[in-house]
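# Results of the structural survey
One-letter residues, chain by chain:
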Amino acid sequence: MNIRKAAHLIAMKAKTQKYINIKLVLLGFFLLFMVFFIIRSNASANTTTQNQQIQPIRAIQQENHVTSQAPSWTKLPPSLASTIMHYATSNITPQQTLKEISVTARVLERKSPCNFLVFGLGHDSLMWTALNHGGRTVFLEEDSSWIATIREMHPSLESYHVVYNTKLTDADSLLELGQLPGCKDVAGDIRFSSCQLALKGLPSVFYEVQWDLIMVDAPTGWIPEAPGRMGAIYTAGMVARQRPEGETEVFVHDVNREVEDKFSRTFLCEGYMKEQENRIRHFTIPSHRGGEVPFCP
């Protein structure tokens, strides 16, 4: 009896020990799984945090890279593209030399976009419009057939027909008449001036716009029956003086000729002359509306 009991106890102890061992193994697997899960969760959390920190840095780096490396492209305006193509494919050059053109171009570089009036419509008109890109450039021309030709070639140019009632042979008498007090009065509207030099029949745009630059390169002035530039030079100077405030840059081309030389010195004034390069003169005329200002300094 004692032997059986002992055997039973031994069998029960072995069975219990086996159960405990299996339980320990399962517990061990469970603990290992939990440890692995915790480690993996922590690693995943750390990776997410790192990615969240890195991505803004990458975004900033990419943005800085784009800002510092990629150029800011601006499409060439159609007017400038047409100008480049025209002069690149044409064997006709402007009447002014490079040095003469540069006198006006330097002023345009400083003042454009602005209001630019040109007496004359020629092969350099596209160039002046391009150099005053974004501003308003207007051309006054005496030859209506030439206006039609240019408009067909370059419809974007703003030009108007002008009729002059003077002749080059009248220059001496007009220069003398220009010394009368009525021709030096800057208070009134030039459209109602009593001075015979005043151009009162120009297109309305001439009187309605405050011009920053005026170039006198027309009308025709090299044959006796031509209109001559007497009125254009005088009127440019008067409009400059009559502006409410500020200054007007006035350019006269072909000052190697007697009329352009005398009339520019007399009515634009040598005291206002800033520069002369070969055949072109540049005058800076201030407003005379601010008080008692002499016609010429």
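Residues numbered from 1 in each chain as written. Predicted model: local features only at pLDDT ≥ 70, side-chain atom pairs only at ≥ 80, totals over all residues. Heavy atoms only, no water.

## Structural notes on the side chain of Arg229
One can find Arg229 in the loop between β4 (213-216) and α8 (230-242). With residues near it in sequence (within four places) discarded, Arg229 still touches Val216, Asp217, Ala218, Pro219, His253, Asp254, Arg257 and Glu260. (Helix = DSSP H or I, 4+ residues; strand = E, 2+ residues; numbered from the N terminus. Contact = heavy atoms within 4.5 Å.)

## Brief notes about the state of the cysteines
Here the structure, examined in full by the defined rule, presents two disulfides. For Cys183, the disulfide goes to Cys195, at an S-S distance of 2.0 Å. Every disulfide takes its handedness from the sign of the S-S torsion; for Cys183 and Cys195 that torsion is 95 degrees, giving right-handed. A residue pair is termed long-range when its members are at least 10 positions apart, and Cys183 in the loop between α6 (171-177) and α7 (204-208) and Cys195 in the loop between α6 and α7 qualify at 12 residues. Owing to a relative accessible area of 4%, Cys183 belongs among the buried residues under this scheme. Through a disulfide, Cys269 is tied to Cys296; the S-S separation comes to 1.8 Å. Classification of the bridge connecting Cys269 and Cys296 rests on its S-S torsion, roughly -70 degrees, and on that basis the disulfide is left-handed. In this pair, Cys269 is assigned in helix α9 (residues 258-269) and Cys296 in the segment after β7 (280-286), connecting sequence segments 27 residues apart. Judged by relative accessible area, Cys269 falls into the buried class, the value being 1%. Here Cys296 falls in the partly exposed class, since its relative accessible area comes to 30%. Disulfides within the chain link the bonded cysteines, taken in sequence order, as 1-2, 3-4. (Disulfide = S-S within 2.5 Å. Buried < 20%, exposed > 50% of the residue type's maximum accessible area, 1.4 Å probe, protein only.)

## Description of helix α3 (residues 98-111)
In this model, α3 (14 residues) spans 20 Å end to end at C-alpha, consistent with the 20 Å of a helix rising 1.5 Å per residue. At Thr104, α3 is bent by approximately 25 degrees, the largest bend along its length. Every buried residue of α3 is accounted for by Glu100, Ile101, Val103, Thr104, Val107 and Leu108. Against β1 (115-119), α4 (125-131), β4, β5 (247-253), β6 (273-277) and β7 lie the buried residues of α3. (Expected span 1.5 Å × (residues − 1). Bend = angle between axes of the 7 residues up to and from the residue.)

## Some words on the pairing of β1
Burial analysis of β1 places four of its five residues in the buried class, the great majority of the element. The pairing of β1 with strand β2 (residues 136-141) spans five bridges and is classified as parallel. The residue bridging Asn115 from the neighbouring strand is Arg136, located in β2. Between β1 and its parallel partner β2, the chain crosses via α4, and the hand of that crossover is right-handed. Sheet analysis places β1 next to β4, joined by four bridges and oriented parallel. The partner of Val118 across the bridge, within β4, is Met215. (Pairing = 2+ DSSP bridges. Right-handed = clockwise from strand over helix to strand, strands pointing away.)

## Describing the side chain of Glu260
Looking at the element boundaries, Glu260 is found in helix α9. Residue Glu260 is classed as buried on the basis of its relative accessible area of 1%. A distance of 2.8 Å separates polar atoms of two side chains, one belonging to Glu260 and the other to Arg257. If near-sequence neighbours (up to four positions away) are discounted, Glu260 is found in contact with Arg229, Ile233, Val252, His253, Asp254, Val255 and Arg281. (Polar contact = N/O pair within 3.5 Å; in protein donor to acceptor, adjacent residues only side chain to side chain.)

## Quick notes on the environment of Arg243
Within the element layout of this structure, Arg243 appears in the loop between α8 and β5. The class for Arg243 is buried, based on a relative accessible area of 8%. Residue contacts for Arg243: discarding those within four places in its chain leaves Gln210, Trp211, Asp212, Thr248, Ser287 and Arg289. Within the structure, the side chain of Arg243 is placed 2.7 Å from the backbone oxygen of Glu245, a separation counted as a polar contact. A distance of 2.8 Å separates a polar atom in the side chain of Arg243 from the backbone oxygen of Glu247.

## As for the packing of aromatic side chains
What the rule picks out here adds up to five aromatic pairs. Centre to centre, the rings of Phe116 and Trp128 are 6.0 Å apart; their planes meet at 80 degrees, and the pair counts as edge-to-face. Placement of Phe116 in strand β1 and of Trp128 in helix α4 is noted, with a sequence separation of 12 residues between them. Assessed through its relative accessible area of 0%, Trp128 is described here as buried. On the numbers, 5.4 Å between centres and 90 degrees between planes, the contact of Tyr234 with Phe267 is edge-to-face. Residue Tyr234 is found in helix α8, and its partner Phe267 is found in helix α9; the two are separated by 33 residues along the sequence. Its relative accessible area of 1% is what places Tyr234 among the buried residues. (Phe/Tyr/Trp six-rings, centres within 6.5 Å; stacked < 30°, edge-to-face > 60°.)

Everything listed is a geometric property; what it means functionally is a separate question.
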